[in-house]
Structure formats: C-alpha cells, structure tokens
Amino acid sequence: MPRLAPALRRDAIITATVEVMLRKGMAATTVRDVAERMGSSSGLIHHYFASMDDLLAAAFERAAQQDLTGTREALARSAGAVEQLGTFFATYARAEQDWAFQLWLDAWAEAGRRPAVRRTSQRLNVAWQQLLVQIVRCGVREGAMTCGDPEGAAWRILSLLDGLALQTVAHPGTVDRFAVVSWSVALAERELGLQAGTLVR
C-alpha cells in the first residue's frame, strides 16, 4: 500500500469504513473488514482510531454530513422562509436517500452501546433540528408563519419526518414515499399557521 500523509491515511480509512458500512451495516462492520477493503493491516486502523466506536462515529459523520451540507446549500438558494421550508422537505426525503436513512437507522440502533456514535448522531440530529428552527423563526419575522415555540415545532416536524422515512427503509411497503412527505408537510402547515397546500411542490 502506498505511503500517505497521516491526514490522508485517516481520510482513506474513514472512506473505506463508509463503504463497508453501506454494504454490511454499522453493527456488522469490523476492523478486519475495513483493513481488507483498504488492502492494509488491522494494526494500521488501530493506529489512527482508538476504538471501533470512534471509527464508526467518524464514518457516520462523513456520510451524514453530506446530506446536511447539501440541504444547507439548497436553503441558501431559496428566497424566503416558506420557500426554504419547501426546499427542506424536498431535499430531506429524496427517493435516492435510502442508504442515508439506513445509516441513521443503524446509528440510532448502535447509539445505546457506542458512546461516540451516540454523541455524533445526537449532534447531527440537533443540527437538522436547528435548520428547521432557523426557518421557522425567519418565517415568523417575515409574518409568513405563526409559531410560539419554534424549538418544539421543529422537533415535532422532524420527528414525524424521520419516523416515516425510517419506516420506508425498515418496513418497505408500510408507508409510501408520498405519505412520508405529504403527512409531514401537513403537520408543518398546521404547526406554523400556513394554509393547507402551501408547501406542496
């Protein structure tokens, strides 16, 4: 295996771990799997990561951060809070994101046993919730929305959206994709004093 600078080597380990996690699932991913994917030794992995928990947390953050960054960039191109909220839903529950929701499902399942995974998933989950909070507060300032509790409203909207999206991954056929978005949008419209159908795109 070619020699790489430490930062590049660590990055390569994380990339390989994400690839293994997507194929085998977080719980089944081992140091040996990652080493085999890289064509290296397990000792190299242990040199850069003190525990499998730390490695899985770093890999999960890499994968999950991509979606968060993509949504933030899309929101920056949206004009006004109502359009931003529509953009949030459109980018959050895309059909090609099953792999991302599967990783979240894995991370939540492992969070009780892996402190680093728990801290990472909680921090990223709060980051998503805070995106919604910012949109709601902006909507209230603009006079487009009414909400006395942006923090609570954001958690309720996000929790329904997450729960329904994860249903489509864990139990295919139980809830269809149209329902994931339409039910979550309907809740958001009621929570924020928007006329029904405002967020339909």
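Residues numbered from 1 in each chain as written. Predicted model: local features only at pLDDT ≥ 70, side-chain atom pairs only at ≥ 80, totals over all residues. Heavy atoms only, no water.

Q: Please explain the packing of helix α4 (residues 52-76) against helix α6 (residues 98-111) as it appears in this structure.
A: Relative orientation and spacing of two packed helices are given, respectively, by the angle between their axes and the distance between those axes. With their axes 10 Å apart at the nearest point, α4 and α6 run at an angle of 135° to one another. Classified by the interaxial angle, the pair formed by α4 and α6 is oblique. Here α4 runs over α6; the crossing is left-handed. Listed contacts from α6 to F60, A63, A64, Q66 and D67 of α4 are W99, A100, L103, W104 and A107. Residues that form the contact of α4 with α6 fall into these classes: eight nonpolar, one polar and one charged. (Axes fitted to C-alpha atoms, helices over the stretch in contact; angles between N-to-C directions. Helix = DSSP H or I, 4+ residues; strand = E, 2+ residues; numbered from the N terminus. Parallel < 35°, antiparallel > 145°, perpendicular 65-115°, else oblique. Left-handed = near helix turned anticlockwise from the far one by under 90°. Contact = heavy atoms within 4.5 Å. Nonpolar A, V, L, I, M, F, W, Y, C, P; charged D, E, K, R; others polar.)

Q: Mind showing me how you'd approach the confidence of the model for the chain here?
A: Close inspection of predicted coordinates is inappropriate for parts of the model with low pLDDT. The pLDDT averaged across the chain works out to 91; a share of 95% of its residues lies at or above 70. For the chain, per-element mean pLDDT is lowest for α6, which scores 88, and highest for helix α7 (residues 115-142), which scores 96. (pLDDT = per-residue confidence, 0-100.)

Q: Could you clarify how one ought to interpret the environment of R118 in this entry?
A: Within the secondary structure, R118 sits in helix α7. Residue classification places R118 among the partly exposed residues on the basis of a relative accessible area of 37%. As a C-alpha pair, R118 and D53 span 65 residues in sequence and 9.5 Å in three-dimensional space. Other than its neighbours up to four places away in sequence, R118 contacts A111 and G112. (Buried < 20%, exposed > 50% of the residue type's maximum accessible area, 1.4 Å probe, protein only.)

Q: When you look at the packing of aromatic side chains in this model, what are you seeing that I'm missing?
A: Note on aromatic pairs: each is described by the distance of the centres and the angle between the planes. With the rule as written, the count across this model stands at seven aromatic pairs. With a centroid separation of 5.4 Å and an interplanar angle of 15°, the aromatic rings of F88 and Y92 are classed as stacked. One end of the pair is F88 and the other is Y92, both in helix α5 (residues 81-92) and four residues apart, which spans about a single turn. Since its relative accessible area comes to 0%, F88 is described here as buried. Where W104 meets W108, the ring centres are 5.7 Å apart and the plane angle is 65°; that geometry is what we call edge-to-face. Here the residue W104 and the residue W108 both occupy positions in helix α6, the gap between them amounting to four residues, near one helical turn. Overall, the relative accessible area of 10% leaves W104 in the buried class. When its relative accessible area of 34% is taken as the criterion, W108 is described as partly exposed. Linked through ring pairs, F88, F89, Y92, F101 and W128 together constitute an aromatic cluster. (Phe/Tyr/Trp six-rings, centres within 6.5 Å; stacked < 30°, edge-to-face > 60°.)

Q: Help me understand the side chain of E189, please; the structure alone is not making it clear to me.
A: Along the chain, the position of E189 falls in helix α9 (residues 177-191). At 6.9 Å, R190 is the nearest oppositely charged side chain to E189, a buried residue that forms no salt bridge. Setting aside its immediate chain neighbours within four residues, E189 contacts L194, Q195, A196, G197, T198, L199 and V200. (Lys, Arg positive; Asp, Glu negative; His and termini not counted. Salt bridge = Lys/Arg side-chain N within 4 Å of Asp/Glu carboxyl O.)

Q: I'm lost on the pattern of salt bridges in this one. Help?
A: A complete count under the given rule lists eight salt bridges for this structure. Of the charged contacts, one joins D11 and R62 as a salt bridge, the two residues approaching to 2.4 Å between their closest N and O atoms. Here the residue D11 occupies a position in helix α1 (residues 6-24), and R62 occupies one in helix α4, the gap between them amounting to 51 residues. Given a relative accessible area of 26%, R62 falls into the partly exposed group. With a shortest N-O distance of 2.5 Å, E191 and R156 are connected by a salt bridge. Residue E191 is located in helix α9, and its partner R156 is located in helix α8 (residues 150-170); the two are separated by 35 residues in the primary sequence. Residue class for R156 comes out partly exposed when judged on its relative accessible area of 41%.

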